[in-house]
Amino acid sequence: MARRYDPERRRRIIDAAIRVVGRSGIAGLSHRSVAAEADVPLGSTTYHFKTLDELMVAALRQANEGFAKTIASRGGLEDTRTDLATELAGLLGEWLDGERTGVELEYELYLAALRRPALRPVAAEWCEDVTVLLSRRTDPVTARALVALMDGICLQVLLTGTPYDEAYAREMLDRVVSGT
C-alpha cells in the first residue's frame, strides 16, 4: 500500500499533544494518547518525535507562539508613544482573557522544565525573546525584571483562580519601569 503524503501530520501531532496536556496534564501525555487524539497511527508520533521530551519541546515552542502573536497583534510595544506599563498590563489582560487552556498549558510546560532539562532551553528562549523585545523600550535589567513580574502575575492568576486585575498590574509594572 502506498504511503499517503501528509505535510500537516507533524503539526496535527503537536496540536494533539497540546490538547492532551490541556485536558490531562503532562502526566497524561504519551505517544499513545497523542496518536489517539491526533487520529494517526502510533508509529507516526514516534516517527516525528522519538521521545516525549522532543514532543514537549515542540508543544512548548508552539505554545510560546501564542504569546508572540498576542504581542504582535497589539503592536503597542513598538510605538514609543505608548505607555509601556499600560501596554504590558493590557497585553497580559488580553492573554489571560483569551483561551485559558493555552495559557495554562504554556505554564505547565514552562514549569515542567524544572524536572525535564530538555525543556529548559525553550523556556529560556521565551524569557530571552521577551526580554530582548522589552529592551527596545528600556534597559536590559529593567526588561528582565518586567518579564519576571509578568510571569509572577500570570502564575498568581492561574494558581489562585482570582480574576486578573489590570490596574494592579499596570501600577506594579509602572513601578519597575520608573524605578520607584
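Owing to the predicted nature of the structure, the values given are computational and were not obtained by experimental measurement. (Residues numbered from 1 in each chain as written. Predicted model: local features only at pLDDT ≥ 70, side-chain atom pairs only at ≥ 80, totals over all residues. Heavy atoms only, no water.)

Notes on the environment of Ile 13
Alright, step 1. The residue Ile 13 is located in helix α1 (residues 9–24) in this model.
Alright, step 2. Overall, Ile 13 belongs to the buried group, its relative accessible area being 0%.
Alright, step 3. Sequence separation between Ile 13 and Leu 42 is 29 residues, and the spatial gap between their C-alpha atoms is 10 Å.
Alright, step 4. Those residues in contact with Ile 13 that lie beyond four places of it in its chain are Val 34, Ala 38, Val 40, Ser 44, Thr 45, His 48, Phe 49 and Leu 55. (Helix = DSSP H or I, 4+ residues; strand = E, 2+ residues; numbered from the N terminus. Buried < 20%, exposed > 50% of the residue type's maximum accessible area, 1.4 Å probe, protein only. Contact = heavy atoms within 4.5 Å.)

So, the pattern of salt bridges
Alright, step 1. The final tally for this structure, using the stated rule, is seven salt bridges.
Alright, step 2. The partner of Glu 171 in a salt bridge is Arg 175, and the shortest N-O contact between them spans 2.7 Å. Taken together, the positions of Glu 171 and Arg 175, both in helix α9 (residues 166–178) and four residues apart, correspond to about one turn of that helix. (Salt bridge = Lys/Arg side-chain N within 4 Å of Asp/Glu carboxyl O.)

Notes on unusual backbone geometry
Alright, step 1. The phi dihedral of Asp 39 is positive, around 60 degrees, even though this residue is not glycine.
Alright, step 2. Position of Asp 39 among the secondary structure elements: in the loop between α2 (31–38) and α3 (42–48).

Notes on the packing of aromatic side chains
What characterises a pair of aromatic rings is the spacing of the ring centres plus the angle enclosed by the ring planes.
Alright, step 1. Scanning the model with the defined rule gives three aromatic pairs in all.
Alright, step 2. With centroids separated by 6.0 Å and ring planes inclined at 50 degrees, the aromatic side chains of Trp 95 and Tyr 107 adopt a geometry described as tilted. Of this pair, Trp 95 sits in helix α5 (residues 84–97) while Tyr 107 sits in helix α6 (residues 100–112), and the two are twelve residues apart along the sequence.
Alright, step 3. Residue Trp 95 is classed as buried on the basis of its relative accessible area of 7%.
Alright, step 4. Each ring, one from Tyr 110 and one from Trp 126, has its centre 5.8 Å from the other, and the planes form 70 degrees; the classification is edge-to-face. Residue Tyr 110 is located in helix α6, and its partner Trp 126 is located in helix α7 (residues 120–135); the two are separated by 16 residues in the primary sequence. The residues Tyr 110 and Trp 126 share a single accessibility class, namely buried.
Alright, step 5. Joined through ring pairs, the aromatic side chains of Trp 95, Tyr 107, Tyr 110 and Trp 126 make up one cluster. (Phe/Tyr/Trp six-rings, centres within 6.5 Å; stacked < 30°, edge-to-face > 60°.)

Let's talk about the state of the cysteines
Alright, step 1. Evaluation of the coordinates by the stated rule reveals zero disulfides.
Alright, step 2. Looking at the unpaired Cys 127, the closest cysteine sulfur is the one in Cys 154, lying at 12 Å. (Disulfide = S-S within 2.5 Å.)

Focus on helix α8 (residues 140–160)
Alright, step 1. When the terminal C-alpha atoms of α8 are compared, their 30 Å separation across 21 residues agrees well with the 30 Å that a helix rising 1.5 Å per residue should span.
Alright, step 2. Residues of α8 that are buried: Thr 142, Ala 143, Leu 146, Val 147, Met 150, Asp 151, Ile 153, Cys 154, Val 157 and Leu 158.
Alright, step 3. Two to three positions downstream of the cap, the backbone nitrogen of Val 141 sits 3.2 Å from a side-chain oxygen, assigning the N-cap of α8 to Asp 139.
Alright, step 4. Just past α8, the residue Gly 161 takes up positive phi, approximately 75 degrees. (Expected span 1.5 Å × (residues − 1). Polar contact = N/O pair within 3.5 Å; in protein donor to acceptor, adjacent residues only side chain to side chain.)

What to know about the packing of α1 against α2
Alright, step 1. Running from N to C, α1 and α2 point in directions that differ by 110 degrees, and their axes come no closer than 8 Å. The orientation of α1 with respect to α2, classified from their angle, is roughly perpendicular. As α1 packs across α2, the resulting crossing turns out to be right-handed. Residues Arg 12, Ile 13, Ala 16, Ala 17, Arg 19, Val 20 and Arg 23 of α1 form the contact with α2, whose participating residues are Ser 33, Val 34, Glu 37 and Ala 38.
Alright, step 2. Looking at side-chain class alone, the contact of α1 with α2 contains six nonpolar, one polar and four charged residues. (Axes fitted to C-alpha atoms, helices over the stretch in contact; angles between N-to-C directions. Parallel < 35°, antiparallel > 145°, perpendicular 65-115°, else oblique. Left-handed = near helix turned anticlockwise from the far one by under 90°. Nonpolar A, V, L, I, M, F, W, Y, C, P; charged D, E, K, R; others polar.)

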